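Structure at a glance
Below, each chain spelled out in residue letters.
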Amino acid sequence: MVPLASAPPLWLRDNCPCADCRDPRNGQKLFQITELPGALAVGAVHDARTSDGAPAREVVWAPDGHRSVYPETWLGAHLPDAAGSPAFLGDGRTEDDKELWAARRFDSGLPEADWEAYGTDPDVRADALASVLRLGFVLLRGVPVRDRQVLDVARTFGYVRETNYGELFEVRVEADPNNLAFTGARITPHTDNPYRDPVPTLQLLHCLVNAAQGGDSGLVDGFHAAALLRAEDPESYEILTRVPVPFAFADDRTELRAHRPLIGTDPEGRVREIRFNNRSIGTLRLPADRLDAFYSAYRRFGELLLRPELRLDFRLAPGDCLVFDNTRLLHARTAFEESGARHLQGAYADIDGLASTLAVLRREAK
Ligand code: OGA
Ligand code: ZN
Ligand code: ZN
């Protein structure tokens, strides 16, 4: 049995599951941290059972006599010295919780799902969504080639993030493009919309037509690239995690700005978010020596992101819908013949919604 002695009293009491402390209908906490006695201490501990008979321990608190019954399984998983885990667990979004990859990882195939099976089989759906969290992407095949279908794809796992581009954006050659994506130009590996705060965490690209010469797709694992930079050139890595970069987008109706480092880390220093987009990086304003250091680091990272072994190349066919983590993967496309037919519809959504959908699917599968 796990000793309770190591548990900080305020922490343990804050997690009391009793009906006075948490509304049994929704599990939400009913008290404020300031309402707990200042000199809180564990008075007595007894073996007990939960209301459904599971082994538990009851704490009688001093000075207020409140009683808390903690299931043994909960104590085993959460007590500070029992977890056997690093001091701070990841939140599911950092490099620690991902499978980092280079192109070779997919020699035997991409993570993909057939649209029909995805719609009818919860296991297929769960696997596809889990791929987005673990590898950063999934390719849905056989998605109906229909205008605005991309929105229905997003709604299978979350909520469409509407932006100044609309609910969806058309990726095709335009006469007066407000973005290079809407030309036949090559687009090097980038994350989308780094000029937004918050950035859209998921992107969908649904291929309707891809008959032009060129226009192949590429993906790069930005977390893997950042980890390589950290190993090969720690100084450059450090600079890219610390220098806020001004990203900007403007057209006649819009003026967006966000300042973020190219490599975002969590408070424990783990890689958590990549923003990289040569088209929308603004003018940095720093002392000359810091500009020099930043640009040299930026270039190093840019070179690393272009290593052929890191880039997964493939070609979207009509009916393919790529769903990917826009805070981790960089996407690219080769140039294509503007006279040829190529049309994708894209949309943004968010990872928290996808993770929630997956968690509920897993709960239901139990
Ligand atoms: C984009 C983009 C890729 C493509 O629109 O943001 O990167 O394949 N498009 O056209
Ligand atoms: Zn309580
Ligand atoms: Zn893009």
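Scroll up a little and you will see the structure.
Let me sum up the structure you'll find in this document. A quick note: this is a predicted structure, and the numbers were derived from the prediction, not measured.

Conventions adopted
Residues numbered from 1 in each chain as written. Chains lettered and ligands numbered in written order. Predicted model: local features only at pLDDT ≥ 70, side-chain atom pairs only at ≥ 80, totals over all residues. Heavy atoms only, no water. Helix = DSSP H or I, 4+ residues; strand = E, 2+ residues; numbered from the N terminus. Buried < 20%, exposed > 50% of the residue type's maximum accessible area, 1.4 Å probe, protein only. Polar contact = N/O pair within 3.5 Å; in protein donor to acceptor, adjacent residues only side chain to side chain. Contact = heavy atoms within 4.5 Å. Donors = N, O, S within 2.8 Å, 3.2 Å for Na, K, Ca; no water. Tetrahedral: all angles 85-135°; square planar, octahedral: opposite > 155°, others 65-115°. Pairing = 2+ DSSP bridges. Axes fitted to C-alpha atoms, helices over the stretch in contact; angles between N-to-C directions. Near = heavy atom within 4 Å. Areas by Shrake-Rupley, 256 points an atom, 1.4 Å probe, with all protein chains shown as cover. Core = buried A, V, L, I, M, F, W, Y, C linked by side-chain atoms within 4.5 Å.

1. With respect to the side chain of Ser68
Counting through the fold element by element, Ser68 comes out in strand S3 (residues 67–71). Under the relative-accessibility criterion, Ser68 is labelled buried at 0%. In terms of polar contacts, Ser68 uses its side chain to reach the side chain of Trp61, at 2.7 Å. Filtering out sequence-adjacent residues up to four positions away, Ser68 remains in contact with Arg13, Cys16, Arg57, Glu58, Val59 and Trp61.

2. Comments concerning the coordination of the zinc ion (ligand 2)
Of the protein atoms, only Cys16 (SG), Cys18 (SG), Cys21 (SG) and His66 (NE2) coordinate the zinc ion (ligand 2), at distances of 2.1 to 2.3 Å. Around the zinc ion (ligand 2) sit 4 donor atoms, and with donor-metal-donor angles ranging over 102 to 116° the site reads as tetrahedral. For the zinc ion (ligand 2), all donor residues lie on one chain, and their spacing in sequence is C-x1-C-x2-C-x44-H. By relative accessible area, Cys16 is classed as buried at 1%.

3. Observations concerning the sheet that holds S3
If you trace the 3 strands from one edge of the open sheet to the other, you get S1-S2-S3, paired in antiparallel fashion. Unpaired on one side and paired on the other, strand S1 (41–49) and S3 mark the two borders of the sheet. The average undirected angle you get between the axes of adjacent strands in this sheet is 25°. Direction of pairing for strand S2 (residues 55–62) relative to S3: antiparallel, over a ladder of 5 bridges. Among the inter-strand pairings, Val60 is bridged to a residue of S3, identified as Arg67.

4. Regarding the coordination of the zinc ion (ligand 3)
Only His190 (NE2), Asp192 (OD) and His331 (NE2) from the protein coordinate the zinc ion (ligand 3), and they sit 2.1 Å from it. Considered as a linear motif, the donors of the zinc ion (ligand 3) on their single chain read H-x1-D-x138-H. Of the two residues, His190 is situated in strand S7 (residues 187–190) and His331 in strand S16 (residues 329–333); the sequence distance between them amounts to 141 residues. For His331, a relative accessible area of 7% corresponds to the buried category.

5. Thoughts on the site of ligand 1
If you check the shell around ligand 1, you find Phe169, Val171, Ala181, His190, Asp192, Gln203, His331, Arg333, Arg342 and Leu344 and nothing else. Asp192 is positioned with one of its side-chain polar atoms (N or O) 3.0 Å from an oxygen atom of ligand 1. One of the side-chain nitrogen or oxygen atoms of His331 is found 3.0 Å away from an oxygen atom of ligand 1. In isolation ligand 1 has 290 Å² of accessible area, and contact with the protein removes 96% of it. Elements represented by at least two residues in the shell around ligand 1 include exactly strand S6 (169–171), S16 and strand S17 (342–349).

6. Focus on the nonpolar core
The nonpolar side chains of a soluble globular protein tend to be buried, and buried together. Core analysis: the biggest nonpolar cluster contains 51 residues, and Phe137, Ile263, Ile274 and Phe301 have the highest contact counts within it. Other than its neighbours up to four places away in sequence, Ile274 contacts Thr191, Gly222, Phe223, Ala226, Leu262, Ile263, Phe301, Asn326, Thr327, Arg328 and Leu330. The next biggest cluster of nonpolar side chains, apart from the first, holds 28 residues, and it includes Leu129, Val138, Val153 and Phe157.

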